[in-house]
Amino acid sequence: MPLSAIPEPGVRPSDFRFHCIDCSHLSDSASPDYRCPRCGDLLEISYPEWNKSGISSPASGVSADDLKSTWKQRRLSCVPADLSGVWRFRELLPVLNDGHVVTLREGNTPLYEMPQCARIAGVPRLSAKHQGMNPTGSFKDAGMTVAASFAHHAGYRWIACASTGNTSASMAAYAARGGMRSLVLVPEGKISWSKLSQALDYGAVTCQLRTDFDGCLRLLQELVLRAPVHQLNSINPFRIEGQKTLAIELMEQMDWQLPDHIIVPGGNLGNSSAIGKALLEMRDLGLISRLPKLSVIQAEGANALVRTLREAGGKRLIGVNAETRATAIRIGNPASWKKAVRVLEATGGACEQVSEVEMAQAKAEIGTEGIGCEPASAVTLAGLKKLVKQGFVKAGDNVVLILTGNQLKDPDFTIEFHRGDLLAGTPHESAMAALSTLRRPPIVLDATLDEVLRTLEQADKTAPSG
Ligand code: F0G
């Protein structure tokens, strides 16, 4: 069985509880739907021992500097859990009693400088943390290694999720690695073939339901109360714990020099909640001294959080009928909206929406840096441009975009964009035409040297400047 033992941690581990985000009820166990038994709201994992003494207090014997150097030292280790960019930070994760993790060496994702996109957006320093460089090509792997390890530890034979594609690909992979079966519920015709094919390859029982993502999630929530399957959507708070490590690793990569802004796409809002939770915990533990502003960007056609904040002051969810070509974030009723509202408020971040055209343009611009991402990830650059225009992001600010998915997750979008077919026949058609200078359609030629030389000369004349 491909399970790896976590060695004795170098610093004192902490124990955890389930904490209701609304009524604050604390418990040692959670029901299969991960809802509060008192009020039905979402649960999060809390660490009472941190609250008592603070992991960084001298009483605990573990200072913030100790943690930083332990995490750095583990980079030299060959132990599988240390090779994971998630479990390397295990002091800030729930402790697995049997010490076994299901890992694919997730995390350890690159932080790229983005000089051309910085110029385009009008900021001096811009980088992108590319979570699409995870083993299954999306940020989901960071949460999945933790949730799958706990599911395995609890003895579940089946794990299940509703998904717009990336969660299902990731969950299916981790199920296979941990020797569990997996059940995937996806909206029929609304996820990319690349993501669907991953779930199939990893042996998931894959159901294409005639509904949208929100319908799949509703059904899953009923299913887990009736069948012995363990749900691994981001309602599962272990997922959130794993995804926190994105922010910890980012701070480490920046040598603990904080950015002013972190910008992330928003769908079901688990990832923004996780990044925010990590920032708050790192501040409370003395690992960072202030909070970067965490901002969430949504597609205009799937803008539930934008509307919730603008029209209801963040007090109640305004759901929408989601429609966007960024199928990863085609979500109308985000489960973690309350958690996201709180971390936006706590960090002073913004929430913006971008059009389909703005997203397509940003994706092509990111591509010119030699960095590919899926459409949902590109909303971050499109959103940054708006936040700069609004003056929310200031001229001297240091900004990090979170790219959530790999370019190869949705090749149809890229090919349609470059061929000029993307959004054809929609009201966006004329706005798309204005992006022709960014398009590089494939050229079909006779197989002669002359033809290729002529094409090369022509291309050289129209080479982009800079
Ligand atoms: N970017 C990508 C590439 C995604 O796959 C998702 C969500 C998001 C952003 C949004 O993240 O939901 O945490 O706000 N994909 C989920 C899925 C819903 O099923 O794969 P979120």
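Structure: see above.
This is a predicted model, so every value here is computed, not measured. (Residues numbered from 1 in each chain as written. Predicted model: local features only at pLDDT ≥ 70, side-chain atom pairs only at ≥ 80, totals over all residues. Heavy atoms only, no water.)

(A) Representation of the site of the ligand within the structure. Ser163, Gly267, Asn268, Leu269 and Thr404 are the nearest of the 20 residues found near the ligand. Within the side chain of Asn166, a nitrogen or oxygen atom sits 2.8 Å from an oxygen atom of the ligand. Between the ligand and Leu269, the relevant distance is 2.7 Å, taken from an oxygen atom to a main-chain nitrogen or oxygen of the residue. Alone, the ligand offers 470 Å² of accessible surface; in the complex the protein occludes 98% of this. With respect to the pocket detection grid, the ligand is positioned in the largest cavity. If you list the elements that add at least two residues to the shell around the ligand, you get helix H6 (166-177) and helix H10 (270-284). Residues belonging to the shell around the ligand are distributed by class as follows: six nonpolar, twelve polar and two charged. (Near = heavy atom within 4 Å. Polar contact = N/O pair within 3.5 Å; in protein donor to acceptor, adjacent residues only side chain to side chain. Areas by Shrake-Rupley, 256 points an atom, 1.4 Å probe, with all protein chains shown as cover. 1 Å grid on protein atoms, 1.4 Å probe; cavity = no way out; pocket = protein on both sides within 12 Å on 5 of 7 lines; lining within 4 Å. Sits in = over half its atoms within 2 Å of the grid points. Helix = DSSP H or I, 4+ residues; strand = E, 2+ residues; numbered from the N terminus. Nonpolar A, V, L, I, M, F, W, Y, C, P; charged D, E, K, R; others polar.)

(B) Region of the structure containing the pattern of salt bridges. Overall, the coordinates contain 22 salt bridges when judged by the stated rule. Notably, a salt bridge pairs Lys338 with Asp41, separated by 2.4 Å at the nearest N-O pair. Taken together, the residues span a long stretch of sequence, with Lys338 in helix H12 (residues 337-347) and Asp41 in the loop between strand S3 (26-27) and strand S4 (43-46) at a distance of 297 residues. For Lys338, a relative accessible area of 22% puts it in the partly exposed group. The partner of Lys277 in a salt bridge is Glu241, and the shortest N-O contact between them spans 2.7 Å. In this pair, Lys277 sits in helix H10 while Glu241 sits in helix H9 (residues 237-253), placing the two residues 36 residues apart along the sequence. (Salt bridge = Lys/Arg side-chain N within 4 Å of Asp/Glu carboxyl O. Buried < 20%, exposed > 50% of the residue type's maximum accessible area, 1.4 Å probe, protein only.)

(C) Structural detail: the sheet that holds strand S10 (residues 205-209). Taken in spatial order, the four strands make up an open sheet running S10-S9-S8-S11, and their pairing is parallel. Each of the sheet's edge strands pairs with one partner strand only, and the pair in question is S10 and strand S11 (229-231). Between one strand axis and the next, the sheet turns through 25 degrees on average, direction left out of account. This element, H6, spans strand S8 (158-162) and strand S9 (181-187) of the sheet and lies at about 175 degrees to S9. (Pairing = 2+ DSSP bridges. Axes fitted to C-alpha atoms, helices over the stretch in contact; angles between N-to-C directions. Contact = heavy atoms within 4.5 Å.)

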